[in-house]
Each structure stands twice: as C-alpha cells, then as structure tokens.
Amino acid sequence: MSRHLHKVVFPVAGLGTRFLPATKVVAKEMLPVLDRPLIQYAVDEAVEAGADTLVFVTNRYKHAIADYFDAAYELEQKLAEAGKTDLLEIVRSVLPAHVRCVFVTQPEARGLGHAVMCAAPVIGDEPFGVILPDDLIRTPHAGALKQMAELAAVRGCGVVAVEEVPRAQTHKYGIVDAEPISERAARLRYVVEKPRPEEAPSNLAIVGRYVLPGRVFELLRTTAPGSGGEIQLTDAIEALLHEREVLAYRFEGTRFDCGTKAGLVRATLALAREDPELAPLVGAAASG
Ligand code: G1P
C-alpha cells in the first residue's frame, strides 16, 4: 500500500431527501457553499492529495455532476470574446487538465459499501481514496485526504478519518475502537456501523474520508447486508482489519456535515468569515 494515491471515489448516488424540494432538480452535491458546489470542495481535496482519476458513483438521474466537470465551450467562448479572463479562469479551474473523470452508475441504492464496490472495475488492485462530499473539511494546512494519503504511504496501510462525536450520536456513524500509536493515529481494533450509544465501543466516529487497499473490493463482495439492510463499507473495513493494519486518523481541521441544513449553514458562515467582503455580514451571526 505504499503507492501514490491516484484514484478517488465519490459516492454521489444519494437522493438528498433532507434538501427537498431543492433536490427534486439539483443534485445534493451541487448545493453551493458560497459560490462553489459541495462536490468542488471534495474534488479539490482529492486533486491536492495527488488524484488524477476521479470516479463518481452516480445514478441515472444525476447528470449535473458530469455536466459540471465537462468543458462549457459556449460559455468559455463568450467569456473569452468579452475579455472576461478572470471569469474564464474560474470556469476552467473546475478541473485541472491532467485530471480525468469516470462515471459509474449504482443501479440500486444498496448502501455505501455497494456504491464503493461499483467503482471496483475502474480502481483495480491499488490503494484508493473515498470522499463523501457531504463532509466538507476545512484545514489550516494540508487537506484531510492528503494528510491521510501521506500516512497511508508511510505505513503502507489503510486509513480512515475519525473525529469525536457526542455519545448520543453514535447511531449516525461508523464507530471505532482503536489503540493510539501517535498523537493523531490509532490502530483499529474494531469498527461497527451505527451502534446505539449504549453499545458503542467509543465516541470516535468515522467521517467521510478513507484510504483503502484494492483488497477491500473482494471483502465487499462477501459482505452481507448490515445496518439498515445495506452493504456497509464499515463492515468490509472490519473484515480488512483482521487481515492487516488499518489506522484511524484524527485529521487536523474542521468538518461540516453538509448533509444537514445546520451543517450547510455552518459551513457557509465559516467560509463567509474567511472572505473579507462577506465577513462583516456574518460576524455576529457566525459566532458560536
Ligand atoms: C456513512 C458511513 C458511516 C460514516 C458516515 C460519515 O454513513 O456508513 O460509517 O460514519 O458516512 O459521514 P451515512 O452518513 O452515509 O449514513
């Protein structure tokens, strides 16, 4: 597992029901935080971590993500003719030239593990990243996936991002039991998907970043439906850690759960605070 991280999977087949009615038409991942859709933050983080192949696991109703990363010739031509080079640059910088997008469909919504498995033919047997775009992570230095990819390369192992959550919320996450090996890293002993608080081994939750070996696809193939009757990535990771080292990693940064309205608002306020023009508008509202 010491190879460079080239491929990152984005499971984006969800229906986004929490954001209805907007998500009747707009893919959840296209909801903006300020002027950029959620998926852009995720893609930028993947590219920063070294990815040159982005694999979107989508469903047949979601064309917007493919359209978004496609070249917009007419728009680009108009902006060029009008001499609007700054806007042209914004449109073109959506995806660097060396990066390619691959779209695979998940025919049925059968869980995160199943979604990731749909990317198997594109990934093959090499380490890959997974980013859940709902989890927007702002970091002061290197992006979360880059931090994890570096650790994965050094240790030659899989890495999952974790953070502490209130005990009452363990039923919303994969929860880990892990033995610390450094300030930020711990060796996984056990992971369980969405345990009730009284059954959770800790309050350390998996959040939406993973660096995994290709081996996980074989384990997913034999993973039975678990929590919610779905094929869970967490269950395949539990099988993986019986074979080899997998680390939990407390990334440096702040996560916003943009799968909820509160999280999306918090992310918007936090990013507005970083913008000199918008900061005065949100100064009071953003505190706390
Ligand atoms: C998924 C994973 C879960 C993880 C979470 C992070 O759950 O199954 O283990 O903790 O993402 O956001 P979901 O949010 O899709 O229910």
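Preceding this paragraph is the structure being described.
What counts and what doesn't
Residues numbered from 1 in each chain as written. Predicted model: local features only at pLDDT ≥ 70, side-chain atom pairs only at ≥ 80, totals over all residues. Heavy atoms only, no water. Helix = DSSP H or I, 4+ residues; strand = E, 2+ residues; numbered from the N terminus. Rg over C-alpha atoms; globule rule 2.2 N^0.38 Å. Buried < 20%, exposed > 50% of the residue type's maximum accessible area, 1.4 Å probe, protein only. Contact = heavy atoms within 4.5 Å. Phe/Tyr/Trp six-rings, centres within 6.5 Å; stacked < 30°, edge-to-face > 60°. Lys NZ or Arg CZ within 6 Å of the ring centre and 35° of its normal. Near = heavy atom within 4 Å. Polar contact = N/O pair within 3.5 Å; in protein donor to acceptor, adjacent residues only side chain to side chain. Nonpolar A, V, L, I, M, F, W, Y, C, P; charged D, E, K, R; others polar. Pairing = 2+ DSSP bridges.

1. Concerning the overall build of the protein
- The helix and strand tally for the protein stands at eleven helices and 13 strands.
- Taking 2.2 N^0.38 as the reference for a compact globule, 288 residues should give roughly 19 Å; the C-alpha atoms of the protein span a radius of gyration of 19 Å, in line with that estimate.
- If one aligns the C-alpha atoms of the protein with their principal axes, the spans along those axes are about 60 × 45 × 40 Å.
- Out of the 288 residues belonging to the protein, those deemed buried represent 50%.
- Counting contacts in the protein only where the partners sit at least 6 residues apart, residues at least 24 apart contribute 77% of the total.

2. A look at the packing of aromatic side chains
- Summed over all chains, the structure comprises five aromatic pairs.
- Ring centres of Phe10 and Phe56 lie 5.0 Å apart, and the angle between their planes is 20°; this geometry places the pair in the stacked category. In this pair, Phe10 sits in strand E1 (residues 7-11) while Phe56 sits in strand E4 (residues 53-58), placing the two residues 46 residues apart along the sequence. Of the two residues, Phe10 and Phe56, both sit in the buried class.
- Feature note: the residues Phe10, Phe56, Tyr68, Phe69 and Phe103 constitute an aromatic cluster, connected by ring pairs.
- Directly above the ring of Tyr41 sits Arg36, whose terminal nitrogen or CZ lies 4.5 Å from the centroid.

3. Section: the site of the ligand
- Surrounding the ligand, one finds 13 residues, the nearest of these being Asp135, Gly174, Glu193, Lys194 and Ile206.
- Between the ligand and Asp135 there is a distance of 3.0 Å, counted from an oxygen atom to a side-chain nitrogen or oxygen.
- Sorting elements by how many residues they give to the shell around the ligand places strand E11 (residues 204-212) first, with four residues.
- Of the residues assigned to the shell around the ligand, the class counts are six nonpolar, four polar and three charged.

4. Here's the deal with the pairing of E4
- Among the six residues in E4, six count as buried, and that is most of the element.
- Residue alternation in E4 divides its side chains into two sets, Thr53, Val55 and Val57 and Leu54, Phe56 and Thr58, and both sets are buried.
- Taken together, the five bridges between E1 and E4 define a ladder with parallel strand orientation. Counted as the bridge partner of Val8 is Leu54 from E4.
- Here six bridges tie E4 to strand E5 (residues 100-105), and the two strands are oriented parallel to one another.

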